[in-house]
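Read off the chains here:
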Amino acid sequence: MSGLMKPAPPSERTCREIEVRGVVQGVGFRPFVWRLAHELHLDGSVVNRAGRVQIEVAGPAAALDEFAVRLQSDAPPRAKVEHVIVCDGTLDPGPGSGFTIAESQGGASGERLFPPDIATCEDCRLELADPTDRRYRYPFVNCTNCGPRATIIEDLPYDRARTSMRSFPMCAACEAEYIDPSNRRFHAEPIACPDCGPQLAFRRPGDAAPAARREAALTAAIADLRDGRIVAVKGLGGYHLACDATDVAAVGRLRDRKHRWAKPLAVMVADLEAARRVASLTPQEEALLTSPARPIVLVERVAVRHDAGALADGVVSAEPGRAAELNRRIGLFLPYTPLHHLLLEGVGRPVVLTSGNLSDEPLATDDAEALERLAGIADSFLSHDREIRARYDDSVTRVVDGRESVIRRGRGYSPEPLSLPIATPRHVLAVGAELKHTFTLARGSRASVAPHTGDLEDLLTYQAFEMNLSHLSRLLEIEPEYVAHDLHPGYLSTQYATRHFPESRQIGVQHHHAHVASAAAEAGLVGEFIGVAFDGLGMGDDGTFWGGEVLAANLAGFRRVGRFGRAPMPGGALAVKKPYRMALGYILAAEPFGQDEWLDPELTRAFVDRLDPRELDVVRVQLARGLNAPLASSAGRLFDAAASLLGIRDVAEYEGQAAIELELIAGEGSGEALPFGLERRDGLIVYDPRPTLRALLEARAVGSSAASLAGRFQQTIAEVTRRLCDEARKSTGLDIVVLSGGVFQNQWLSTSLVRSLARDGFEVHTNHQVPANDGGISYGQAAVAAARLAAAS
């Protein structure tokens, strides 16, 4: 709390002007101020003005002091009070004149903040279940403590007239609650009831009009789910596809129709007790599951059950016989809207609730669009007539070593801003990378990371990116002056940057520098550190693909001090989809190049024999002639190669699948590290993975299990990383290590390295608020751009 005031005797009446900054719109802050003022018998008024709360208040000095302190200490749960600025006031409305809430006002401001959507609070849930309440079983019950926010806002300040609720005039009963300061719906902008608010509608594909509305629509959707059908359900930030998670056939149909043949499916359960029957939960995981954000939480699944009511194996894996070895984790979440509560109660079983799209497409939000795009997947549609103003997919998170680690940042998290350790003097747009795409808008010391868009590889996703950017930049009143982008010229995000900004306003940021900058910025680092970036691929500044990098860096720049050994990727992107090609790249042409074959052919015979001979011939020609076989120093691709050599995964349905399954099969096992090489090449310390792969094949040949060798491979990568960091410390004198990149979503590797590097005397930082994968790239780009612009100003 800061201020400019003259001290006054405790009992002397005085006037003060107070400004509260932070996330104070859409969280019930003005009603909270009104109640606090009345409790302390103060006079005055409160108003939302240009994104901030401004208060004129008068009363005894002691009461005003307490009032200012409690504005921060007693604030509503979803508010984030950053500054309370107190100054002497000039206007005293007079003793006993009362305290009022004034109409919100627009105007120029250095900040415009608004909260994410908030899960249904306990008070509203109880009303939903109370037959005597007028909102009994009403799917859109909400109050100042819960309900839609970011997904319905059209403009700020946050008032009903600037949301999609403006289409629903309040009835007399709702208006009475809205204007009653003692009611928890006092100035709750999405307030509604069955008489005046949004309503459900049910239809089947091809129906010209809804077949049922209101309660009948809900009943029809529940009946479809219980009968094994797939229902498209309109949620807060888009449509979901739902089916009975215990119905093997229904889960299989959903996978087939959605073209989601490999990735696990998220499951919604009715409450925490139901979650405990499915998973072994830690207190931190239970806290995340029940938090106002209600993310999907990756948790350890309990032993597989095959009794009635057990989850279908297809929830975890669509491959027969593999669910047992790939069932360790499951994505669970709890109902976060009244409609979810009613659906789960009616179905009486866990429900698969996955994004309403075909794989790799953006989430469907518009009703007509959903009917067109999802008609081939859903057997029926449960929609409503409240428009979705912004697309927000569900957030995905987990607990690593006792702390939250976000995997996908979306509903419930975005667009709450993150801090930048070095403030940007100019407005910046950071356009991110390509996979798991996000963008970031930065002004001053704030960076607003937009929700997950998807993989920016097709027209629909690109259009979704442009729509989200237009909407969020207008809400935040940020007109970007500079753009930060990846170095890869083929990324659609890079092409957007070069097409919409002059070259003098473009800031190219190397992919792996952005990764480590994202974790460093989260930690508030402004000095130098050792950055370890392990991922699948990113364009290096030497024209090759990087992905196993050790950098000496700060936010503004970096130099490369170490890397993984390089190997060609036969077929380029095809080697990502076919890990066996990556394995062949290492076997036949790993660095150092031009040497004789480094493996006894007998060791690779079992591996080679299971490949198509024609495919093998094609790869040999590509490698011999250097045709579409780019070099990569990638940790992620090395994991792919190891997974293929161990027989875990030869062909991947999605990026990183082979590496993920290697981790799952390894379990908590590690064992003795395999041999590896470290040597100096061109001034860099380089990990030579050939001894590791040779030992892997030798152990496999004498009968070691794939699971034990997967654990030993992970242990090897951990030991290699420790050695690389130690060598980097010797050459740079730095003892702060930052770990980032998609490979560090390997929970065992991340946890093991944080602990072992700390024992080695390093201060270690990882991502927590933004993903370590490419979903965090845009935030890292924004941090780099801010540091460079600040240095140049």
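Relevant structure appears above.
Residues numbered from 1 in each chain as written. Predicted model: local features only at pLDDT ≥ 70, side-chain atom pairs only at ≥ 80, totals over all residues. Heavy atoms only, no water.

Re the pattern of salt bridges
Applying the stated criterion across every chain, the model contains 62 salt bridges. Across the salt bridge formed by Glu 177 and Arg 135, the nearest N and O atoms sit 2.7 Å from each other. Residue Glu 177 is found in helix α4 (residues 172-178), and its partner Arg 135 is found in the loop between α3 (122-128) and α4; the two are separated by 42 residues along the sequence. Arg 135 carries the same exposure label as Glu 177, and that label is buried. The partner of Asp 760 in a salt bridge is Arg 722, and the shortest N-O contact between them spans 2.8 Å. Remark: Arg 722 occurs in helix α21 (residues 706-732) and Asp 760 occurs in the loop between α22 (747-759) and β31 (763-765); sequence separation between them is 38 residues. On the accessibility criterion, Asp 760 (24% relative accessible area) is partly exposed. The exposure class assigned to Arg 722 is partly exposed, which follows from its relative accessible area of 27%. (Salt bridge = Lys/Arg side-chain N within 4 Å of Asp/Glu carboxyl O. Helix = DSSP H or I, 4+ residues; strand = E, 2+ residues; numbered from the N terminus. Buried < 20%, exposed > 50% of the residue type's maximum accessible area, 1.4 Å probe, protein only.)

Side note on helix α1 (residues 29-39)
Most of α1 is tucked away, with 8 of its 11 residues classed as buried. Every buried residue belonging to α1 is among Phe 29, Arg 30, Pro 31, Phe 32, Val 33, Trp 34, Leu 36 and Ala 37, and all of these are buried. The inward-facing, buried residues of α1 abut β2 (13-23), β3 (43-49), β4 (52-60), α2 (61-73), β5 (80-88) and β6 (99-101). In the segment just after α1, His 41 is the residue with positive phi, at about 60°. (Contact = heavy atoms within 4.5 Å.)

Quick word on the packing of aromatic side chains
Here the structure, examined in full by the defined rule, presents 13 aromatic pairs. Members of the aromatic cluster, each reached through a chain of ring pairs, are Phe 534, Phe 564, Phe 676, Tyr 687 and Phe 744. The lysine or arginine in question, Arg 560, covers the ring of Trp 546, its NZ or CZ lying 3.8 Å from the ring centre. Cation over ring: Arg 729 sits above Phe 762, and NZ or CZ is 3.8 Å from the ring centre. (Phe/Tyr/Trp six-rings, centres within 6.5 Å; stacked < 30°, edge-to-face > 60°. Lys NZ or Arg CZ within 6 Å of the ring centre and 35° of its normal.)

Re the environment of Asp 159
Checked against the element boundaries, Asp 159 lands in the loop between α3 and α4. For Asp 159 and Gly 309, which are 150 residues apart along the polypeptide, the C-alpha to C-alpha distance reads 44 Å. Setting aside residues no more than four positions away along its own chain, Asp 159 makes contact with Arg 30, Ser 104 and Glu 189.

Some words on the environment of Pro 76
Mapped onto the secondary structure, Pro 76 falls in the loop between α2 and β5. Ignoring sequence-local partners within four residues, the contact set of Pro 76 consists of Val 27, Gly 28, Phe 29 and Phe 32.

Side note on helix α18 (residues 635-645)
An α-helical turn contains 3.6 residues, so a residue and the one three or four places further along point in the same direction. With 11 of 11 residues buried, α18 lies mostly within the body of the structure. If you check which residues of α18 are buried, you get Ala 635, Gly 636, Arg 637, Leu 638, Phe 639, Asp 640, Ala 641, Ala 642, Ala 643, Ser 644 and Leu 645. Between a side-chain oxygen at the N-terminus of α18 and the backbone nitrogen of Gly 636 the separation is 3.3 Å; the capping residue is Ser 634. Just beyond α18, the residue with positive phi is Gly 647, at close to 80°. (Polar contact = N/O pair within 3.5 Å; in protein donor to acceptor, adjacent residues only side chain to side chain.)

A look at the sheet that holds strand β20 (residues 440-449)
Taken in spatial order, the 4 strands make up an open sheet running β20-β19-β21-β22, and their pairing is mixed. Of all the strands in the sheet, just β20 and β22 (506-509) have a single pairing partner and so form its edges. Neighbour to neighbour, the strand axes of the sheet diverge by 60° on average, direction disregarded. Both strand β19 (residues 418-430) and β20 contribute to a ladder of 6 bridges, which runs antiparallel. Across the sheet, Ala 430 pairs through a bridge with Thr 440, a residue of β20. Sheet strands in contact with helix α11 (residues 459-476) are β19 and β20, and its direction is about 155° off that of β20. Helix α13 (residues 511-522) rests against β19, β21 (482-486) and β22 of the sheet, and its axis sits at about 90° to β22. (Pairing = 2+ DSSP bridges. Axes fitted to C-alpha atoms, helices over the stretch in contact; angles between N-to-C directions.)

Focus on the nonpolar core
Counting residues in hydrophobic clusters, the biggest one holds 73 residues, and the most contacted among them are Phe 564, Phe 713, Ile 717 and Leu 749. Here this core takes 10 residues from α21, the largest share from any one element. What Ile 717 contacts, discounting residues up to four positions off in sequence, is Phe 534, Phe 564, Leu 638, Phe 639, Tyr 687 and Leu 749. Counting 41 residues, the second-largest nonpolar core is a separate cluster that includes Leu 128, Ala 217, Val 231 and Leu 339. (Core = buried A, V, L, I, M, F, W, Y, C linked by side-chain atoms within 4.5 Å.)

Let's talk about the side chain of Arg 409
Along the chain, Arg 409 turns up in the loop between β18 (403-408) and β19. The buried charged residue Arg 409 lacks any salt bridge partner; its closest oppositely charged side chain belongs to Glu 416, at an N-O distance of 5.6 Å. Among the polar contacts made by the side chain of Arg 409, one reaches the main-chain carbonyl oxygen of Glu 416 at a distance of 3.0 Å. (Lys, Arg positive; Asp, Glu negative; His and termini not counted.)

Notes on the side chain of His 768
Within the fold, His 768 resides in the loop between β31 and α23 (777-792). A relative accessible area of 16% means that His 768 is categorised as buried. Among the polar contacts listed, one links the side chain of His 768 to the backbone oxygen of Glu 404, at a separation of 2.9 Å. Not counting chain neighbours up to four residues away, the residues in contact with His 768 comprise Arg 403, Glu 404, Ser 405, Val 406 and Glu 522.

Description of the pairing of strand β25 (residues 558-564)
Burial analysis of β25 places 5 of its 7 residues in the buried class, the great majority of the element. In the sheet, strand β24 (residues 545-553) pairs with β25 via 5 bridges, with the strands oriented antiparallel. In the sheet register, Ala 553 faces β25, and the bridge partner there is Phe 558. Taking the residues that link successive antiparallel strands as the turn, the β24-β25 hairpin has 4 residues. Relative to strand β29 (residues 684-688), β25 runs parallel, the two being bridged by 3 bridges. Bridge pairing links Phe 564 to Tyr 687 in β29.

What about the packing of α21 against α22?
Look at α21 against α22: their axes get within 10 Å of each other, and the N-to-C directions meet at 40°. Here α21 and α22 pass one another in a crossing that is right-handed. Packed against α21, whose contacting residues are Gln 714, Gln 715, Ile 717, Ala 718, Thr 721, Arg 722 and Cys 725, the element α22 presents Trp 748, Leu 749, Ser 752, Leu 753, Ser 756 and Leu 757 at the interface. Residues that form the contact of α21 with α22 fall into these classes: 7 nonpolar, 5 polar and 1 charged. (Left-handed = near helix turned anticlockwise from the far one by under 90°. Nonpolar A, V, L, I, M, F, W, Y, C, P; charged D, E, K, R; others polar.)

Points about unusual backbone geometry
Note the cis peptide between Ser 414 and Pro 415, where omega equals 5°. Following the sequence through the fold, Pro 415 ends up in the loop between β18 and β19. That bond from Glu 591 to Pro 592 is cis: its omega, 5°, falls within 30 degrees of zero. Assignment of secondary structure puts Pro 592 in the loop between α15 (579-589) and α16 (601-609). Despite not being glycine, His 187 has its phi angle at roughly 60°, a positive value. Considering the arrangement of structural elements, one finds His 187 in the loop between α4 and β7 (200-203). For His 259, which is not a glycine, the phi torsion comes out positive at approximately 65°. Positionally, His 259 belongs in the loop between α6 (248-258) and β11 (267-268). Since its relative accessible area comes to 40%, His 259 is described here as partly exposed.

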